[in-house]
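Structural overview for review
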Amino acid sequence: MSTVGKDIECYAAVAWEAKKPLSIEKVTVSPPKAGEVRIRIQYTGVCHTDQYTLSGIDPEGLFPCILGHEGAGIVESVGDGVTSVQPGDTVIPCYIPQCNDCKFCRSSKTNLCSKIRNTQGKGVMPDGTSRFTCKGKTLFHFMGVSAFSQYTVVAEISLAKINPKAPLKSVCLLGCGISTGYGAVLNTANVEKDSTVAVFGLGTVGLAAIFGAKKRGAKEIIGIDINTKKESLAKKFGSTRFVNPKDYPDRPIQDVLIEMTDGGLDYTFECVGNVQLMRSALEACHKGWGTSVIIGVAGSGQEISTRPFQLVTGRVWKGSAFGGWKSRESVPKLVEEYMASELMVDEHITHRVGIDDINKAFDYLHSGDALRVVVDLS
Ligand SMILES: NC(=O)C1=CN([C@@H]2O[C@H](COP(=O)(O)OP(=O)(O)OC[C@H]3O[C@@H](n4cnc5c(N)ncnc54)[C@H](OP(=O)(O)O)[C@@H]3O)[C@@H](O)[C@H]2O)C=CC1
Ligand SMILES: N[C@@H](CCC(=O)N[C@@H](CSC=O)C(=O)NCC(=O)O)C(=O)O
Ligand SMILES: [Zn+2]
Ligand SMILES: [Zn+2]
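Position numbers for residues start from 1 in each chain and track the written sequence from start to end. Each chain is given a letter, starting from A, and each ligand a number, starting from 1, according to the order in which they appear as written. pLDDT decides what is reported in this predicted model: residues at 70 or higher carry local features, side-chain atom pairs at 80 or more are listed and counted, and totals for whole chains, interfaces and linings draw on all residues regardless. To obtain the side-chain values, all non-hydrogen atoms of the structure were used and water was disregarded.

1. Notes on the coordination of the zinc ion (ligand 3)
Worth spelling out the cut-off: Note that water is not among the atoms used; donors are N, O and S atoms within 2.8 Å of the metal (3.2 Å for Na, K and Ca), so sites may look incomplete. Geometry is assigned from the angles between donors: four donors with all angles from 85 to 135 degrees make a tetrahedral site, four or six donors whose opposite pairs exceed 155 degrees while the rest stay between 65 and 115 make square planar or octahedral sites respectively, and everything else is labelled irregular. Strands are runs of DSSP state E lasting at least 2 residues, helices are runs of H or I lasting at least 4, and numbering of each runs from the N terminus. Buried residues are those whose accessible area, probed at 1.4 Å on protein chains only, stays under 20% of the maximum for their type, while exposed residues exceed 50% and partly exposed ones sit between those limits.
Here the zinc ion (ligand 3) is held by Cys 47 (SG), His 69 (NE2) and Cys 176 (SG), and the distances to it run 2.0 to 2.3 Å. Geometry at the zinc ion (ligand 3) is tetrahedral, judged from its four donor atoms and the angles of 96 to 127° they form at the metal. For the zinc ion (ligand 3), the single-chain donor residues occur in sequence as C-x21-H-x106-C. Placement of Cys 47 in the loop between β3 (36–45) and α1 (48–54) and of His 69 in the loop between α1 and β4 (70–78) is noted, with a sequence separation of 22 residues between them. For Cys 47, a relative accessible area of 4% translates into the label buried.

Quick look at the structure:
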């Protein structure tokens, strides 16, 4: 029986409040309105940012909500006026859309489409309402995606249509972490051959940055993490050296790195979300030209600082969202890169769980043993 135009009841992991485990609930997902698309999500990764928002330190965190933003699925139905996808298409929802119309989309300098950013940050669809209800309560959307639900509704401009042959249980990860670290190196920093690079924080984002640096032919790629288990992993993704700040308890890590690299690095990437580490990453850059890219997301109220002299003397501080990729046009290409065995994706998957065990995914992430946990919602 067709579900088009009707409410769908399905299971979702609901975050009723911050700092509490998710709760598997039967939710009602309304049909897509004009310019919207309803998707059957098959797989989703769990990103550190889901954990961050659930922890209550995201200034945009709204509860109750359905988290998740690293999903892949199949279009179930489309709202009025939707022309670029149709039922049956294979898609990855993107938390940064691409409308090709706003001034950000028209600029080649950024990927930060602004078309629906305000409503997205308020946990609602562009018309200001939610498509999710549960037990008589309205649930907020998250990052315009809400992939911890078997069905979700997103804006048409948030959907990347991908190769239908792509394995969704792997390429769902291209919806965030891998694309972010990889793109920060290729797009935001534009690392050149023979550069020296340091990556702070070796989760999926950091390891994908290492992989990007290797692809670009960087001659020195230093992976930095406080978890020694990350050393062998970093090597697998392309690092040439591993540094554990805990091995240098009496020295700022930037001093250690400057000494190791004859004056500092050409490029550094902060992939943790720690404002002290962001400072270290900037100050580990080489005088005159070193560029540091902030990727990590810091908690509400936190601020970065350094001596302005660091910038006066030629270091550059930048940030990167979704690796600078213009989402709808780039994600399908990243999928093809993966399918041509040119982009490491499966190597990031350390665990798989069913939706009923989604809280275990958060436990694995907290344990320090996980990179990405993929949740099967099919
Ligand atoms: N800008 C953007 O577009 C995006 C930003 N993000 C953000 O990027 C960051 C990384 O995400 P993700 O890879 O999923 O996160 P993970 O938590 O998987 O990885 C972070 C890594 O950093 C390590 N770490 C923690 N503290 C330090 C420290 N002081 N020095 C060195 N290493 C440290 C962690 O170790 P341990 O596990 O032992 O704690 C872990 O290995 C997060 O802040 C996330 O929110 C993510 C996606 C997109
Ligand atoms: N809600 C947070 C902002 C969080 C943030 O910076 N998000 C990243 C993506 S993190 C993905 O895992 C991002 O791309 N930001 C750009 C944007 O427009 O949100 C806060 O308010 O601090
Ligand atoms: Zn993410
Ligand atoms: Zn736009």
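2. Let's talk about the site of ligand 2
Heads up, the condition is: To be near a molecule or strand, a residue needs just one of its heavy atoms within 4 Å of it. What qualifies as a polar contact is a pair of N or O atoms within 3.5 Å, subject to a donor-acceptor requirement within protein and to the restriction that residues adjacent in sequence count only when both atoms come from side chains. The Shrake-Rupley method, run with a 1.4 Å probe sphere, supplies the accessible areas, and residue values consider only the shown protein chains as cover. For this classification, Asp, Glu, Lys and Arg are treated as charged, while Ala, Val, Leu, Ile, Met, Phe, Trp, Tyr, Cys and Pro are nonpolar and the rest, including Gly, are polar.
In the region of ligand 2, 14 residues are neighbours, and Thr 49, Asp 58, Glu 60, His 69 and Arg 117 sit closest. Between His 69 and ligand 2, the recorded distance is 3.1 Å, taken from a side-chain N or O atom to an oxygen atom. Within the side chain of Arg 117, one N or O atom sits 2.7 Å away from an oxygen atom of ligand 2. Protein chains shield 72% of the accessible area of ligand 2, which is 530 Å² for the free molecule. The class makeup of the residues in the shell around ligand 2 is nine nonpolar, two polar and three charged.

3. A short note on the side chain of Ser 195
Operational definition: By definition, residues are in contact when any of their heavy atoms lie within 4.5 Å.
Secondary-structure assignment places Ser 195 in the loop between α5 (177–189) and β10 (196–200). Excluding anything up to four places from it in sequence, Ser 195 contacts Ala 218, Lys 219, Glu 220, Asp 266 and Tyr 267.

4. Here's the deal with the UniProt feature "domain: Alcohol dehydrogenase-like N-terminal" (unreviewed entry) in the protein chain
In plain terms, the rule: UniProt positions are given in the numbering used here, feature names are shortened, and annotations may be inferred rather than shown by experiment.
When the UniProt feature table is mapped to this numbering, "domain: Alcohol dehydrogenase-like N-terminal" (unreviewed entry) covers residues 34–162. Along residues 34–162, the helical share is 12% and the strand share 29%, with 22 Å between the first and last C-alpha atoms.

5. With respect to the site of ligand 1
His 48, Thr 49, Asp 225, Lys 230 and Phe 322 are the nearest of the 29 residues found near ligand 1. Computed on the free molecule, ligand 1 has an accessible area of 930 Å², of which 84% lies beneath the protein chains in the complex.

6. A few points about the sheet that holds strand β7 (residues 137–139)
Note the cut-off: In this scheme, strands are said to pair when DSSP sees at least two bridges between them. Only the stretch in contact is used when a helix axis is fitted, and all axes are lines through C-alpha atoms; the angle between N-to-C directions ranges over 0 to 180 degrees.
The strand order across the open sheet built from four strands is β1-β2-β6-β7, with neighbouring strands paired in antiparallel fashion. Each edge of the sheet is formed by a strand with only one pairing partner; in this case those strands are β1 (8–14) and β7. Each adjacent strand pair in this sheet contributes to an overall mean axis angle of 45°, direction not counted. Here β1 runs beside strand β2 (residues 23–29); their pairing, made up of seven bridges, is antiparallel. When the bridges of β2 are listed, Glu 9 appears paired with Thr 28.

7. Notes on the coordination of the zinc ion (ligand 4)
Distances from the zinc ion (ligand 4) to its protein donors, Cys 99 (SG), Cys 102 (SG), Cys 105 (SG) and Cys 113 (SG), fall within 2.3 to 2.4 Å. If you look at the zinc ion (ligand 4), its four donor atoms make angles of 103 to 116° with each other, and the shape they trace is tetrahedral. Here the donor residues of the zinc ion (ligand 4) share one chain and are spaced in sequence as C-x2-C-x2-C-x7-C. When its relative accessible area of 15% is taken as the criterion, Cys 99 is described as buried.

8. Here we look at the sheet that holds strand β14 (residues 291–294)
Strand pairing in a sheet is mediated by backbone hydrogen bonds. Such pairs are either parallel or antiparallel. Taken in spatial order, the six strands of this open sheet run β12-β11-β10-β13-β14-β15, and their pairing is parallel. This sheet does not close on itself; its edge strands, each paired only once, are β12 (241–243) and β15 (316–319). Neighbour-to-neighbour, the strand axes of this sheet turn through a mean angle of 20°, independent of strand direction. Strand direction decides the pairing type here: β10 and strand β11 (residues 220–224), joined by five bridges, are parallel. Bridged to Val 197 within β11 is Ile 221. With respect to the sheet, helix α9 (residues 275–283) is in contact with β10, β13 (267–270), β14 and β15, its orientation differing from that of β13 by roughly 175°.

9. Focus on unusual backbone geometry
When glycine is set aside, most residues are seen to have a negative phi, and most peptide bonds are trans. In this structure, the amide linkage connecting Phe 63 to the following residue, Pro 64, adopts the cis form with an omega of 0°. Non-glycine residue Asp 194 carries a positive phi angle of around 70°. Secondary-structure assignment places Asp 194 in the loop between α5 and β10. Overall, the relative accessible area of 42% leaves Asp 194 in the partly exposed class. We note that Ser 341 has phi near 60°; this positive angle belongs to a residue other than glycine. With respect to the helices and strands, Ser 341 occurs in the loop between α11 (327–339) and β16 (349–354).

10. Regarding the environment of Glu 283
By secondary structure assignment, the location of Glu 283 is in helix α9. Dropping the residues within four chain positions of it, Glu 283 is found in contact with Gln 254, Ile 258, Thr 306, Arg 307, Gln 310 and Arg 315. Here the side chain of Glu 283 touches Thr 306 through a polar contact of 2.6 Å, side chain to side chain.

11. As for the pattern of salt bridges
Note the following rule: Salt bridge, as used here, is a side-chain nitrogen of Lys or Arg placed within 4 Å of a carboxyl oxygen of Asp or Glu.
Evaluation of the coordinates by the stated rule reveals 17 salt bridges. For Glu 220, the salt bridge is made with Arg 241, and the minimal N-O distance between the two is 3.3 Å. Of the two residues, Glu 220 sits in strand β11 while Arg 241 sits in strand β12, which places them 21 residues apart along the sequence. According to the relative accessible area criterion, Arg 241 is partly exposed, its value standing at 33%. The salt bridge partner of Glu 283 is Arg 279, with a shortest N-O separation of 2.8 Å. Of this pair, Glu 283 and Arg 279 both sit in helix α9, four residues apart, which is roughly one turn of that helix. Judged by its relative accessible area of 12%, Glu 283 falls in the buried class. Overlapping salt bridges bring together Lys 33, Glu 36, Asp 127 and Arg 131 as one network.

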